Amino acid sequence: MILVVGSVNIDFTIKVKRFPEEGETITDGSFFQSPGGKGLNQAVASARAGEKTSLVCSVGNDVFWNFIETYLKNEKNLTIFPEVYDNFSTGIAFILVDEKGKNKIVVSPGANAMLSPNHVRNVLEQSNPNFVVLQCEIPFDVVQTVMEMKNKLNFIVVFNTAPFKSWIREIIHLPDFVIMNEVEAKHIFGKDVKDKDSAVNALKDYPFHNSVMITLGKDGVVLLNPEKGRKISHFPAFEVDVVDSTGAGDTFAGYFSAMISAGKDLEEAINLAQAASAVCVSREGAVKSIPEIREVLSSLKNLK
Ligand code: RIB
C-alpha cells in the first residue's frame, strides 16, 4: 500500500493566450476550477495507476474541501485521512496557463501549513504502508517525522523535491528515490540544469547512494541508478501536443511510485510514468487530467 503525505489545494486556473507583462491586465482568459495540490495529484496518480493508495493531509472546513471531497467520492483505490481545521482555509492555488501549456502557479498554503507530525505518525502506524511518497508543500517537521519512522516501520520513500525548499539539502540523502525537475535541480546542485547533458553532468557529482531522477519535460528523464554501478541513463520523452503542463511532475511521481510498488523495474516504471505524464499534459487541469492505467497502456500504442 502507498501512503502519500502531502498537500491538497483547490486550483483556480485561467487559460490565457500569453502571460501578462508586469502591470498589464489581460481580459480574454477562460476559467475553471479543479482539485489539485502536489500531494493530492500524486495520490490520485498512484490510485489511477491501480495501487491501493492513501493520502494524509490537512484541509479547511470549507466549501473548497467540500468541492474536493465530492469530486473524489468515486475515486477507486484512494482513501484520505484529513486533519480538518475550522480556522484555516484549504490550500488555494492560482494558476495561469498560456497557449503553449506552460504555467505559472502561486499557492496560499492555508491548512497545508498546519499538517501535524502527530497526525502523520498515527496514520503511518495504523496503515503500515510499504511505500511513502513525499513532496515539499508540507512542513519540514512532517518530512523529518516520516524519515525518522522509515527504518522503524521499514517502508520505501519516494521524495519529490517540488517546490524547492532550502531544507531539502538536509535530508536529500535519506529517501530511496529522489525525483526533481530542472528548476529544483539547479537549486540543489547549484549549477544550471536545463537539458540532458547538463543533467548528466550534475548527477556525476552527486555524492549520495540513493536513486535520482531529473525530469526535463520535452527532454525526457535522466536517471542515476546506484544499483547499476551509478550508471546514468537517459529516457527520451514522448512527443505530445501540450495543452496544460499542470500536474505533469506529480503524475510522473505518483505513477513511478505505483509501478515500483507493483514490482516493475526502474526502467519500466520510468517509461510508464512518462507515458502517464504525456497523457496528463495533453488535457486541462491537475487531478482532472491524470489518466487511468488503461488509458496509459492504450496511449503507449500511439505515443512516439
Ligand atoms: O504541481 C501542480 C500543483 O501545484 C497544482 O495542482 C497546484 O495546486 C500546486 O500545488
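Our subject is the structure listed above.
What you see is a predicted model; the values in this text were computed from it and never measured.

A. Focus on the pattern of salt bridges. For the structure on display, the rule yields 12 salt bridges. Here Glu-75 ties to Arg-48 by a salt bridge, and the two come within 2.8 Å at their closest N and O atoms. Of this pair, Glu-75 sits in the loop between helix H2 (63–71) and strand S5 (78–85) while Arg-48 sits in helix H1 (residues 38–48), and the two are 27 residues apart along the sequence. Per residue, the accessibility class of Glu-75 equals that of Arg-48, and both read buried.

B. Layout of the site of the ligand. Taken together, 13 residues lie around the ligand, and Asp-11, Gly-37, Lys-38, Glu-137 and Asp-250 are the ones closest in. At 2.6 Å from an oxygen atom of the ligand is found a side-chain nitrogen or oxygen belonging to Glu-137. Separating an oxygen atom of the ligand from a side-chain N or O atom of Asp-250 is a distance of 2.7 Å. Considering the ligand on its own, with 280 Å² of exposed area, one finds that the protein chains cover 96% of that surface.

C. Quick peek at helix H3 (residues 117–127). Every buried residue belonging to H3 is among Pro-117, His-119, Val-120, Val-123, Leu-124 and Ser-127, and all of these are buried. Taken around the axis of H3, the buried residues stretch over an arc of 165°, which confines them to a single face. Buried residues in H3 make contact with strand S1 (2–5), strand S4 (53–60), S5, strand S8 (131–134) and helix H4 (140–153). Positive phi appears at Asn-128, one or two residues downstream of H3, with a value of about 45°.

The rules behind these values
- Residues numbered from 1 in each chain as written.
- Predicted model: local features only at pLDDT ≥ 70, side-chain atom pairs only at ≥ 80, totals over all residues.
- Heavy atoms only, no water.
- Salt bridge = Lys/Arg side-chain N within 4 Å of Asp/Glu carboxyl O.
- Helix = DSSP H or I, 4+ residues; strand = E, 2+ residues; numbered from the N terminus.
- Buried < 20%, exposed > 50% of the residue type's maximum accessible area, 1.4 Å probe, protein only.
- Near = heavy atom within 4 Å.
- Polar contact = N/O pair within 3.5 Å; in protein donor to acceptor, adjacent residues only side chain to side chain.
- Areas by Shrake-Rupley, 256 points an atom, 1.4 Å probe, with all protein chains shown as cover.
- Arc of directions from axis to C-beta.
- Contact = heavy atoms within 4.5 Å.

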